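Observations on chain architecture
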Amino acid sequence: MSATVDGDKSALVPNRVANGETSRVTNRPANQVRNQGTSRAIIRVRRVLRGPRPEAVPALVGSACTLVGLIDIAAGVFPRFRHSRMHTLAEVLPGALGPFAAALSLSTGVLLLLLAHGIKRHKRRAWRAAVVLLPAGAVAQFVYRHSVVGVVVSLGLLALLLRHRGEFAALPDPRSRWRALANFIVLSAGSLGLGLVIVSAHPGRIVGNPGLTDRLEHVMYGLVGFEGPVDWTGNVPWTVGYSLGALGLLTAVTTIYLAFRPEHPAARLTADDERRLRALLAAHGRRDSLGHFALRRDKGVVFSPSGKAAVCYRVVSGVMLASGDPIGDVEAWPGAIERFMDEAKAHSWTPAVMGCSETGGEVWTRETGLDALELGDEAVVDVADFSLTGRAMRNVRQMVKRIERNGYETRVRRARDLTADELERIRRAAADWRGTDTERGFSMALGRIGDPADGDAVIATAHKADEHALGGEGNHGGYGDLKAVIHFVPWGCDGMSLELMRRDRSADPGMNELLIVAALQAAPALGVERVSLNFAMFRSALARGEKIGAGPVLRLWRGLLVFLSRWFQIESLYKFNAKFRPRWEPRFVVFRNTRDLPRIGFAAMQAEGFVNLSLPRPFARLRTASAPRPCAHFPRPAEQHEAQAA
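This brings us to the nonpolar core. Ranked by size, the top nonpolar core spans 34 residues in total, and within it F386, F488, M511, V531 and F580 carry the most contacts. When residues of this core are traced back to their parent elements, those giving at least two are strand 6 (371–382), helix 14 (394–405), strand 8 (458–463), strand 9 (482–490), strand 10 (495–503), helix 16 (511–526) and strand 11 (530–537). Ranked by the residues each element gives to this core, the list is headed by helix 16, at 9 residues. Ignoring any residue separated from it by four or fewer positions in sequence, one finds F386 in contact with V381, M393, V517, L520 and F580.

The predicted model of the protein chain has a mean per-residue pLDDT of 78, with 77% of residues at 70 or higher. Throughout residues 1–26 the model reports pLDDT below 50, and contacts reaching past four residues in sequence, or to other chains, amount to 24 contacts. Under a pLDDT of 50 for its full length, residues 469–475 has, in the predicted model, 9 contacts with residues more than four places off or in other chains.

It is worth spelling out the packing of helix 8 (residues 178–199) against helix 9 (residues 212–223) at this point. Here helix 8 crosses helix 9 at 115°, and the two axes come no closer than 9 Å. Seen along the crossing, helix 8 lies across helix 9 with a hand that is right-handed. Note on element contacts: helix 9 touches helix 8 through L212, R215, L216, H218, V219, M220 and L223, opposite S191, L192, G195, L196 and V199. Along the lines of polarity and charge, the residues of the contact of helix 8 with helix 9 split into 8 nonpolar, 3 polar and 1 charged.

Unusually for a residue other than glycine, F538 sits at a positive phi of about 55°. As for its placement among the helices and strands, F538 is situated in the loop between strand 11 and helix 17 (539–545). Owing to a relative accessible area of 23%, F538 belongs among the partly exposed residues under this scheme. Its identity is not glycine, yet R581 carries a phi of approximately 50°, on the positive side. With respect to the helices and strands, R581 occurs in the loop between helix 19 (570–578) and strand 12 (583–591).

With the rule as written, the count across this model stands at 24 salt bridges. A salt bridge links D494 to R286; the shortest N-O distance between them is 3.0 Å. A residue pair is termed long-range when its members are at least 10 positions apart, and D494 in the loop between strand 9 and strand 10 and R286 in the loop between helix 11 (271–284) and strand 1 (300–303) qualify at 208 residues. For D494, the salt bridge identified is with R530, shortest N-O distance 2.9 Å. Taken together, the positions of D494 in the loop between strand 9 and strand 10 and R530 in strand 11 put the pair 36 residues apart, joining distant regions of the chain. The exposure class of R530 is buried, given its relative accessible area of 11%. Linked through salt bridges whose partners overlap, the residues forming this network are E274, R278, R297, R448, D451 and D454.

To continue, consider the packing of aromatic side chains. Counted under the stated rule, the structure contains 4 aromatic pairs. Seen in terms of ring centroids, F340 and W364 are 5.2 Å apart; in terms of plane orientation they differ by 80°. Their pairing is edge-to-face. Remark: W364 occurs in helix 13 (residues 358–368) and F340 occurs in helix 12 (residues 333–347); sequence separation between them is 24 residues. Take F340 and W364: they sit in the same class, and that class is buried. When the ring of Y574 is compared with that of W584, the centres are 6.1 Å apart and the planes differ by 45°; the resulting orientation is tilted. Of this pair, Y574 sits in helix 19 while W584 sits in strand 12, and the two are 10 residues apart along the sequence. Residue placement shows R276 over the ring face of F303; its charged tip is 3.9 Å from the ring centre.

Thresholds applied
Residues numbered from 1 in each chain as written. Predicted model: local features only at pLDDT ≥ 70, side-chain atom pairs only at ≥ 80, totals over all residues. Heavy atoms only, no water. Core = buried A, V, L, I, M, F, W, Y, C linked by side-chain atoms within 4.5 Å. Buried < 20%, exposed > 50% of the residue type's maximum accessible area, 1.4 Å probe, protein only. Helix = DSSP H or I, 4+ residues; strand = E, 2+ residues; numbered from the N terminus. Contact = heavy atoms within 4.5 Å. pLDDT = per-residue confidence, 0-100. Axes fitted to C-alpha atoms, helices over the stretch in contact; angles between N-to-C directions. Left-handed = near helix turned anticlockwise from the far one by under 90°. Nonpolar A, V, L, I, M, F, W, Y, C, P; charged D, E, K, R; others polar. Salt bridge = Lys/Arg side-chain N within 4 Å of Asp/Glu carboxyl O. Phe/Tyr/Trp six-rings, centres within 6.5 Å; stacked < 30°, edge-to-face > 60°. Lys NZ or Arg CZ within 6 Å of the ring centre and 35° of its normal.

Now the structure itself:
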């Protein structure tokens, strides 16, 4: 069979290439092909000698700092970790230098571990601290461990940091002086554990047989600079004393620094921000059912240069988390998205969007190069199509009729139509019936009820006047006959979105179904045509996985979701929404790359209230007592006035 095909310019003739003739692939002599391969090898060598790409330096140096920190800690804690061919040099050095170098190695290692994450995130202050600590680590490696390799690694990392210092320009994260308390608790616990290892690392020279209590007491005394009950032979007491003292000093210095450094509070909506957002929602709020939730006052906001669009967000664990679509004119979305990405880059935050629509996902991915993944579905009920008749609604119909026969009645009103006393009673009842210490919700939660600015919100309440409620303020927490509350926020001029559902635990089951049906039946009189209910995560997987013919992978995925529903209400929300026969609108999560998804998921769980890393309740009350302030490094007012003038 011939090796060539007539008319095919891409055919290859191996024998001609072997004879030095022209190849149809390269159209060059064979020696030129070999020379080209040599040139490529030279280019690869030059790239290796030139070092890593600048954008990869922070991650590389951060990982290496973690390794160097662990080596420094091991060198400071374990005497057998020291292997030296230069032991004779150590003998001529002053006697106190050995223990001092051990303490230096230990404290440097701990600090490098603390700074590694900041270096990976391009933080300028972490870079400055590492530039100071790496030479100290190199000195400790040479004097105490006599490790030439350790010195070379430390100095090599220092050279990379100095050469690529332009990569470390990220601004500080939002912070407060409460970080000092958290730092004190974490470092004290770590120093206590590491101190026990230091005290126990010299079993051959310890005097007697001290128990765990004695060792712990020695560590606690050593952290504050005093001698404890444990003793050793030789120079070990000096080494242990210097090491424990270094840990205690490190804890004290870092805590004092965090307590007295300037605060950078998290960004909050200012009165001007809220006014501008409400104007955008009045003009374009009908587009997205999650638009009104942008008015949460614990969010920050960036506006497009024209001021016709905005993106609201919250920073959680280094993730810049937006929710829903941008607010405002679709044509101005790219400008707001660009400002959002610039802000994320300036602080080295991980950008992410939770719960955007299909249109929003397309704009985000097109303008930023981010990726999108379907997260779940939003249940939307068209009021004109809703009815309790028919076999499909039998269960809901029977439940509502049963509750009504038990003496319950419902009231559905605009928030502005309620009296101040009614609103206050509803607010207190909703707070007491919450069931958790933290307020849950972020993507579809406003975080307040009855605010004068939210007069268009709809509040549905269930009441039952019985013998227990007749005592008024003296019974049931002073809620009278109030048994359940549902709160809806506006969705444009003809829709509303479910924001909150709360009920008295002693009330009959089915309060939420009763109030949703009442709200849907009262919607035409309120001028409401569409009602958005809860967001059902992974709804399509749950629906397809329970059907006949579902594959093993889909069934396994559904089984995992059902298992997780014990904690996160995944399946229960889907089944609750499905009772009302809604249409399902897909919602997406937008992210930079796949390895960011676990971090984004954890941040979203924190924002939604499923994971609580806040301070204990007594400290949290003190913290919330202070008035929120706008973020200090968030230069927005001047930009906004310029945009308005333009």
